Amino acid sequence: MEKSAVLLVVLGLALAVPVGAQEITGYIFQFPDDKVPTIDGDLSDWDIVPEQYWIWEKDMIQEEGAEFDPSDHNMKFAWGWNDSQNRLYFACWVYDDAYMASGEYFSIYVDPANGDYGPDEIYVTEPVEEKERWFFALAQKYYVMRPEKGTTMYSYNTSDPDWDCMPPYGDHAYKFLKGSIGCDCPAEMTLEMMITPWEDLNTRSGETAEEAIGKCKIVDLTEGNIVGIEVCKKDSDPGEDPVYRAIPWAGYFADNAALWGDYILAPLEVSVEPTTWARIKASFR
Ligand SMILES: [Ca+2]
Ligand SMILES: [Ca+2]
Ligand SMILES: [Ca+2]
Ligand SMILES: [Ca+2]
C-alpha cells in the first residue's frame, strides 16, 4: 500500500512537469506473472493498469504547432513489462475522425539498455556491411499500423524476414471498435504489441531467428532501470496536412536515442485493482 502510494505521488509529479529529454517521461507497469497481457487487440487485460501509467495525446507534442483537437485525433497508451517473460508490452487506444488506408502509423523507438546511442552507433548506413551489422541493432525502431507497407508491424533494421516482430520475440494485434482501415470515417482502434528488449539485435538480412539468436543479446529487465522510448503517431486526413504527435518531442530524434523519453520499469503494484477502462472511455465521449 505504502509503496503504491509513493509511486502514485511520484507519477503525479513526473507527469505534471514539462516533458523533455531530461525528465522522466513515464513508468512501465509491471504485470504480475498471472496477468501478462494476451496480444489480441483486446485491452481488457490492461484494466489493472492504473491511470497514472497512461499517457494521453493531450500531453503529447503536436508537430508544427498543430493544436490538440480530440474531435480530429485522440489517443492514449501505456507500456508494461513482465520480469519472468522479460518482454515489453504496449497498449494504445486511438480515435481518428478519418481513418485512411495509409499515413496513420506509429513510429516507435526503443532503447532497452538506455544506452543513449547516437547516430554513429545506431544510424550506421554505410558501407553496406556495417549497416547490416549495426543499423538499429543497439536500439530499435518499429513501424506499427502501416498496412501500406504490406504488414501492420515491422522493424526498421536489417532483420528480414522480421522474425523480431513475431512470436516468441515480438507480436501485435489490433481491433477496430468502430470504423476500419481505409474507411475514411470516424474510427476507434485498440492496439497491443509485445517486443523483446534487445541489447544487441545482431542479425543480417536473410537470417532466421534460429541462426541469429545466439549472436544477439537481450537486456535483463530490472525494476527501477530505465528504458528509452519515443512514441510518434501520424494522422493523415483528406485535404489536411498530416500531423505527427510525439512524446517527448525533441526535434529530429530518429538517430539519437539520448533524445528519446526515459521510462522507469516500475515495481509491482501492491494491490492490482482493475481500473474502469469503460469509464475512462465513456468520459472521453
Ligand atoms: Ca489483450
Ligand atoms: Ca483525424
Ligand atoms: Ca535515455
Ligand atoms: Ca486520419
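Residues numbered from 1 in each chain as written. Chains lettered and ligands numbered in written order. Predicted model: local features only at pLDDT ≥ 70, side-chain atom pairs only at ≥ 80, totals over all residues.

(A) Spotlight on the overall build of the chain. In terms of regular secondary structure, the chain is built from five helices and 15 strands. For the chain, with 285 residues in total, the buried portion stands at 37%. If you take every contact in the chain between residues at least 6 apart in sequence, the share linking residues at least 24 apart comes to 67%. (Helix = DSSP H or I, 4+ residues; strand = E, 2+ residues; numbered from the N terminus. Buried ≥ 20, exposed ≤ 12 C-beta atoms within 10 Å, placed from the backbone. Contact = placed C-beta atoms within 7 Å.)

(B) Representation of unusual backbone geometry in the model. In this structure, proline 161 follows aspartate 160 across a cis peptide bond, with omega equal to 5°. Relative to the elements of secondary structure, proline 161 occurs in the loop between β8 (153-155) and β9 (171-178). The amide bond that connects proline 167 to the next residue, proline 168, takes the cis arrangement and shows omega of 5°. Note that proline 168 resides in the loop between β8 and β9. One non-glycine residue, asparagine 114, adopts positive backbone phi at about 50°. One non-glycine residue, aspartate 184, adopts positive backbone phi at about 50°. Position of aspartate 184 relative to the elements: it lies in the loop between β9 and β10 (187-195). By the C-beta count within 10 Å, which is 14 here, aspartate 184 ends up partly exposed.

(C) Spotlight on the environment of threonine 196. Looking at the element boundaries, threonine 196 is found in the loop between β10 and β11 (198-200). Sequence separation of threonine 196 and tyrosine 89 is 107 residues, and the distance between their C-alpha atoms is 9.0 Å.

(D) Inspection of the nonpolar core at higher detail. Among the nonpolar cores identified, the biggest contains 62 residues, and Ile28, Phe29, Phe77, Ala78 and Trp79 are the most heavily contacted of them. Here the element with the most residues in this core is strand β5 (residues 87-96); it accounts for eight residues. With residues near it in sequence (within four places) discarded, isoleucine 28 still touches Trp79, Gly80, Trp81, Val227, Tyr263, Ile264, Leu265 and Ala266. (Core = buried A, V, L, I, M, F, W, Y, C linked by C-beta atoms within 7 Å.)

(E) How the structure looks around the pairing of β5. Among the ten residues in β5, ten count as buried, and that is most of the element. Of the two faces of β5, the one lined by Arg87, Tyr89, Ala91, Trp93 and Tyr95 and the one lined by Leu88, Phe90, Cys92, Val94 and Asp96 are each fully buried. Here strand β4 (residues 73-82) pairs with β5 via ten bridges, running antiparallel. Pairing of lysine 76 across the sheet is with tryptophan 93, part of β5. Taking the residues that link successive antiparallel strands as the turn, the β4-β5 hairpin has four residues, and the phi of asparagine 86 there is positive, at about 55°. (Pairing = 2+ DSSP bridges.)

(F) Molecular detail of the environment of isoleucine 229. Locating isoleucine 229 in the fold gives a position in strand β13 (residues 226-235). Residue isoleucine 229 is classed as buried on the basis of its 25 C-beta neighbours within 10 Å. Taking C-alpha positions, isoleucine 229 is 9.6 Å from glutamine 140, a pair spaced 89 residues apart along the chain. What isoleucine 229 contacts, discounting residues up to four positions off in sequence, is Trp79, Tyr109, Val110, Trp260, Gly261 and Tyr263.

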